[in-house]
Amino acid sequence: MDFHSQKLYAPKHNKKRLNQEQVRELEKSFAANKKLEPELKLHLANQLGVPPRQVAIWYQNKRARWKTQNLELDYNTLQVKLENALSEKRMLEKDVKHLQEELRKAQEMMFSMNNYQKDPRHHPPPFVSCTSAGSSEEGGSSSFHEDNVHDHEVLQIDELYACLIGADRSTWS
């Protein structure tokens, strides 16, 4: 091994560790300026009594750690938002199934009413009452209750429509 190759691999002992006061000053500077401008680098190096290259390396490492921390925070925030969105999706899917069932019942009643109006010999449709579930954590909606009582009046089409559409509209938006 010759002299030049030994020089390339020799450890550099002229780099000193920064003390707590120097680190505090660099942290304060980093909080104000995330990017190290050449003038600031020279000013900090002179103020702290270290080579400008050491200030530049400290800034580079600090910026890399800062970006990693921000990515972790952003990831955690997105994870919470995703969990909330998935929970809301499950709740909406449950609401859709419930509303589809109500629609199916309403369509059956409409079909039954139409058949009864065309041919009164068919059995009259069941008595229908419309109630509003009001507001709850899952949201209110109208619902139909069927009683197989033939003595009660059958809701008219417009009353059925009002029952379907008008029942607590505030929870549908």
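Computed from a prediction, not measured in an experiment: that's the story for all the values here.

**Some details on the confidence of the model for the protein**
Interpreting fine coordinate detail is not advised for predicted regions of low pLDDT.
(1) Moving on: When pLDDT is averaged along the protein, the result is 76, and 60% of the positions lie at 70 or above.
(2) Moving on: This model gives residues 5-11 a pLDDT under 50, and the stretch forms 1 contact once residues within four places in sequence are excluded.
(3) Moving on: Throughout residues 169-173 the model reports pLDDT below 50, and contacts reaching past four residues in sequence, or to other chains, amount to 10 contacts.

**Brief notes about the packing of aromatic side chains**
(1) Moving on: Under the defined criterion, the tally for this structure stands at 4 aromatic pairs.
(2) Moving on: Plain terms: the ring middles of Trp58 and Tyr59 are 5.7 Å apart, the flat faces sit at 70 degrees to each other, and that makes the pair edge-to-face. When sorted by exposure, Trp58 lands in the same class as Tyr59, which is buried.
(3) Moving on: Each member of the aromatic cluster is reached from another via a ring pair, and the members are Phe30, Trp58, Tyr59 and Trp66.

**A short note on the nonpolar core**
As a rule of thumb, soluble globular proteins bury nonpolar side chains together.
(1) Moving on: By size, the foremost hydrophobic cluster in this structure holds 12 residues: Leu26, Phe30, Leu36, Leu40, Leu44, Ala45, Leu48, Val50, Val55, Ala56, Trp58 and Tyr59.
(2) Moving on: Elements with a minimum of two residues in this core: helix 2 (20-32), helix 3 (38-48) and helix 4 (52-118).
(3) Moving on: If sequence neighbours within four positions are ignored, Ala56 has contacts with Leu36 and Lys41.

Basis of the calculations
Residues numbered from 1 in each chain as written. Predicted model: local features only at pLDDT ≥ 70, side-chain atom pairs only at ≥ 80, totals over all residues. Heavy atoms only, no water. pLDDT = per-residue confidence, 0-100. Contact = heavy atoms within 4.5 Å. Phe/Tyr/Trp six-rings, centres within 6.5 Å; stacked < 30°, edge-to-face > 60°. Buried < 20%, exposed > 50% of the residue type's maximum accessible area, 1.4 Å probe, protein only. Core = buried A, V, L, I, M, F, W, Y, C linked by side-chain atoms within 4.5 Å. Helix = DSSP H or I, 4+ residues; strand = E, 2+ residues; numbered from the N terminus.

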